[in-house]
Amino acid sequence: MAEHLGDRLARLRKLANLTQEGLAELSDVSVDVIKKLEQRRKHSARLPTLHTLAKGLGVELIALLGDPPAVPSTGEADPPQLVALRRAVMPPMFAPPPEPADTERLTIPLLRKELAAGWTLYHAARFGELMTVLPGIVNDARFAASVGGGDSRAAGQAALGKALQLAGHLAIRLGKTDLALSALERAMAAAEQSADPLLGSMISNSVAWNYQRQNRLDDATHLAVYAADKVEREESDTAEKVRVWGGLVMSAATSAARAGDYETAKDMMSTAEDATKRLLKLPPPIDGKLVSVFSRSSVRIERVRLAVQHARPDEALQLAKGVRLSADTPPSWRTWMLLDVARAHTDLGDAQGAVKALTRLNDVAPGWMRHHTHAVSIVSDLWAGPARPPGLRKLAAALGVAT
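Chemist: Requested: an account of the pattern of salt bridges, with residues and values cited.
Modeler: Per the counting criterion, the structure on display carries 17 salt bridges. With a shortest N-O distance of 3.9 Å, Lys 266 and Glu 315 are connected by a salt bridge. With Lys 266 in helix H14 (residues 262–279) and Glu 315 in helix H16 (residues 313–321), the pair connects residues that are 49 residues apart, well separated along the chain. Judged by its relative accessible area of 23%, Glu 315 is partly exposed. Glu 302 is paired through a salt bridge with Arg 305; the nearest N and O atoms lie 3.0 Å apart. With Glu 302 and Arg 305 both in helix H15 (residues 296–309), this residue pair falls 3 residues apart, about one helical turn.

Rendered as structure tokens:
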């Protein structure tokens with residue numbers, strides 16, 4: 001049985017030789033919250049709270065949250081963390097929205113801070129940590145969307161839409177595409193009740209990605225193009241609009257490429273890359289972590305990926321040389337590029353170049369590698385090949401390819 005969050009908190013607090021009052025003072029978290037956690041009267045806390053508790057304890061957040069849970073892909077029972085995520089996405093019938101479970105006052109700014117922290121965990125591929133805290137974020141957002149009226153309620157619906165979109169993304173990463181679609185359908189319903197004109201289109205992009213994972217490529221292309229046209233009709237000219245539109249064009253290009261139409265995909269990607277110049281003339285988004293990922297860096301990274309997928313390793317490596325990562329490029333996008341560079345080197349028979357890229361990837365994102373089957377397949381290919389350059393055995397052992 002997995003160790004309870006409260007048990008880990010008590011164990012780490014005692015190792016740090018702290019009383020509950022001492023930890024409360026160091027972390028600026030109420031003693032009441034700490035007591036409820038340790039007594040198992042409270043089973044989770046908001047992400048900002050967990051961050052401050054970990055800081056007060058002098059440990060990494062993962063030490064407080066525990067190891068990432070295994071997610072069975074067979075008929076085995078789901079682990080408790082995934083059950084909690086399902087319950088947050090699809091609440092029990094006729095149950096009222098759960099109220100905030102602790103003494104922190106729930107506000108829209110605090111909720112958006114939770115969401116930004118959650119998306120940061122997602123882009124860093126810290127999926128185990130995210131699975132632990134995301135049900136609480138979704139429940140907070142659902143409560144905010146159910147109370148008040150006017151602008152306040154609309155803001156709560158927008159937060160719920162982003163929380164459920166995040167749940168959809170995480171479910172896709174865990175291979176639970178049906179759960180993802182349920183989350184994204186609910187996210188779209190929340191977006192329709194919000195005052196954010198771009199939120200529905202952002203969620204459409206996520207649905208298109210889910211369709212891609214289900215090999216529904218025509219559906220994915222149609223949805224991305226439809227949503228992009230809708231965004232283009234918006235009268236405002238903001239960085240948020242450009243980023244959402246560009247993300248949808250990239251999504252449509254990816255679907256076209258996966259359907260075998262690489263030339264159309266290249267044309268779409270060139271159009272998207274040209275549009276990134278508009279971002280240089282516009283004020284950046286106020287809350288960039290909650291807006292679609294789109295920049296010249298992200299377009300180039302996606303072009304590298306498509307070239308690799310279409311067996312054009314020389315073109316992929318040439319494109320990768322021209323990538324200049326911007327500050328807002330999420331860590332996961334950087335790691336995708338390293339993985340694609342490794343694949344390109346492997347396809348060209350350059351085992352040493354592949355191992356160099358994989359070693360760098362493992363240094364910056366070991367958890368991400370363990371969650372990505374593509375990394376395992378590349379290392380497996382290298383391990384089965386005629387040459388085993390230095391560093392390959394370590395990678396093969398870390399991913400379970402070799403003992």
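Chemist: Pulling in residues and values, what's your account of the confidence of the model for the chain?
Modeler: Of the residues in the chain, 91% have a pLDDT of 70 or more, and the chain-wide mean is 87. For the chain, the element scoring lowest by mean pLDDT is helix H19 (residues 366–370), at 71; helix H10 (residues 177–192) scores highest, at 96.

Chemist: Any details on the packing of H15 against H16? Residues and values, ideally.
Modeler: It is the contact of H15 with H16, at a shortest axis distance of 8 Å, that shows an interaxial angle of 170°. In terms of their interaxial angle, H15 and H16 are classed as roughly antiparallel. Like other packed secondary-structure pairs, H15 and H16 cross with a definite hand, here left-handed. Contacts between H15 and H16 pair Arg 300, Arg 303, Val 304, Ala 307 and Val 308 from the former with Glu 315, Ala 316, Leu 319 and Ala 320 from the latter. Looking at the contact of H15 with H16 residue by residue, the class counts come to 6 nonpolar, no polar and 3 charged.

Chemist: Describe in detail the side chain of Asn 210, supporting the description with residues and values.
Modeler: Locating Asn 210 in the fold gives a position in helix H11 (residues 199–213). Using a relative accessible area of 0% as the deciding quantity, one classes Asn 210 as buried. Here Asn 210 is in contact with Ile 172, Thr 177, Ala 180, Leu 181 and Leu 184, once residues within four sequence places are set aside.

Chemist: Got a sec to walk through unusual backbone geometry? Specific residues and values, please.
Modeler: Of all residues except glycine, most have a negative phi; of all peptide bonds, most are trans. Although it is not a glycine, Asn 17 sits at a positive phi angle of roughly 60°. Looking at the element boundaries, Asn 17 is found in the loop between helix H1 (5–15) and helix H2 (20–27). The exposure class of Asn 17 is exposed, given its relative accessible area of 71%. Phi is positive for Asp 28, which is not a glycine, with a value near 60°. Judged by its relative accessible area of 73%, Asp 28 falls in the exposed class.

Chemist: Can you lay out the packing of aromatic side chains for me, pointing to particular residues and giving the numbers?
Modeler: Inspection of the entire model under this criterion finds 3 aromatic pairs. Ring centres of Trp 119 and Tyr 122 lie 5.8 Å apart, and the angle between their planes is 80°; on these two criteria the pair is classed as edge-to-face. Of this pair, Trp 119 and Tyr 122 both sit in helix H7 (residues 108–123), 3 residues apart, roughly one helical turn. Take Trp 119 and Tyr 122: they sit in the same class, and that class is buried. Here the aromatic residues Trp 119, Tyr 122 and Phe 127 are joined through ring pairs into a cluster of three or more. The aromatic ring of Trp 333 is capped on one face by Arg 305, whose charged end is 5.9 Å from the ring centroid. The ring of Trp 383 is capped by Arg 388, whose NZ or CZ atom sits 3.7 Å from the centre of that ring.

Chemist: Now, about helix H13 (residues 239–258): what can you tell me, with residues and values included?
Modeler: Residues spaced three or four apart along an α-helix point in a common direction, a consequence of the helix completing one turn every 3.6 residues. Here H13 is 20 residues long and its end C-alpha atoms lie 28 Å apart, about the 28 Å a rise of 1.5 Å per residue gives. Among the 20 residues of H13, 18 are classified as buried, and the element is accordingly described as predominantly covered. Immediately downstream of H13, the backbone of Gly 260 shows phi near 100°, a positive value.

Chemist: Give a detailed account of the nonpolar core, specifying residues and quantitative values.
Modeler: One finds Leu 64, Leu 134 and Leu 358 to be the most contacted residues of the largest nonpolar core, which totals 131 residues. Leu 358 has contacts with Leu 339, Ala 342, Met 369, Ile 378, Val 379, Leu 382 and Leu 395, leaving out every residue within four places of it along the chain.

Chemist: Lay out the side chain of Gln 157 with the relevant residues and their values.
Modeler: Summarising the element assignment, Gln 157 is placed in helix H9 (residues 150–173). Setting aside residues no more than four positions away along its own chain, Gln 157 makes contact with Ala 145, Ala 190, Gln 193 and Ser 194.

Chemist: With reference to specific residues and values, describe H15.
Modeler: Compared with an ideal rise of 1.5 Å per residue, which puts 14 residues at 20 Å, H15 spans 20 Å between its outermost C-alpha atoms and is within 8% of the ideal. Among the 14 residues in H15, 12 count as buried, and that is most of the element. Within H15, burial applies to Ser 297, Ser 298, Val 299, Arg 300, Ile 301, Glu 302, Arg 303, Val 304, Arg 305, Leu 306, Ala 307 and Val 308. Where H15 is buried, its residues touch H13, H14, H16 and helix H17 (331–347). Following H15 by one or two positions, Ala 311 adopts a phi angle in the positive range, close to 55°.

Chemist: Pulling in residues and values, what's your account of the environment of Leu 85?
Modeler: Within the secondary structure, Leu 85 is located in helix H6 (residues 80–89). The spatial distance from the C-alpha of Leu 85 to the C-alpha of Met 131 is 6.9 Å, given a sequence separation of 46 residues. With near-sequence residues (within four places) excluded, Leu 85 lies in contact with Leu 134, Pro 135, Ala 167, Leu 170 and Leu 179.

Cut-offs and rules
- Counting of residues starts from 1 at the beginning of each chain's written sequence and follows it residue by residue.
- For a predicted model such as this one, the threshold for reporting local features is a pLDDT of at least 70, and the threshold for listing and counting side-chain atom pairs is 80 or more; totals across whole chains, interfaces and linings nevertheless cover every residue.
- Only hydrogens and water are set aside when side-chain values are computed; all heavy atoms of the structure are taken into account.
- Salt bridges are counted wherever a side-chain nitrogen of Lys or Arg sits within 4 Å of a carboxyl oxygen of Asp or Glu.
- Secondary structure elements are defined from DSSP: runs of H or I of at least 4 residues count as helices, runs of E of at least 2 residues count as strands, and each element is numbered from the N terminus.
- Three exposure classes are used, based on accessible area relative to the maximum for each residue type with a 1.4 Å probe and protein chains only: buried under 20%, partly exposed in between, and exposed over 50%.
- The predictor rates its confidence in each residue with pLDDT, a number between 0 and 100.
- For helices, the fitted line uses only the C-alpha atoms of the stretch in contact; every axis is such a line through C-alpha atoms, and the angle between N-to-C directions lies from 0 to 180 degrees.
- Roughly parallel means an angle under 35 degrees; roughly antiparallel means over 145; roughly perpendicular covers 65 to 115; every other angle is labelled oblique.
- Each helix crossing is assigned a hand: it is left-handed if the near helix lies turned anticlockwise from the far helix by less than a right angle, otherwise right-handed if that turn is clockwise.
- Whether two residues touch is decided by their heavy atoms; if any such pair falls within 4.5 Å, the residues are in contact.
- Residues are grouped as follows: Ala, Val, Leu, Ile, Met, Phe, Trp, Tyr, Cys and Pro are nonpolar; Asp, Glu, Lys and Arg are charged; all remaining types, including Gly, are polar.
- Aromatic contacts are taken between Phe, Tyr and Trp rings whose centres are within 6.5 Å, Trp giving its six-membered ring; a plane angle under 30 degrees counts as stacked, one over 60 as edge-to-face, and the others as tilted.
- Here, a charge over a ring means that NZ of Lys or CZ of Arg falls within 6 Å of the ring centre while also lying within 35 degrees of the ring normal.
- The span expected for a helix works out to 1.5 Å for each residue beyond the first.
- The definition of a nonpolar core used throughout is a set of buried Ala, Val, Leu, Ile, Met, Phe, Trp, Tyr and Cys residues joined through side-chain atoms within 4.5 Å.

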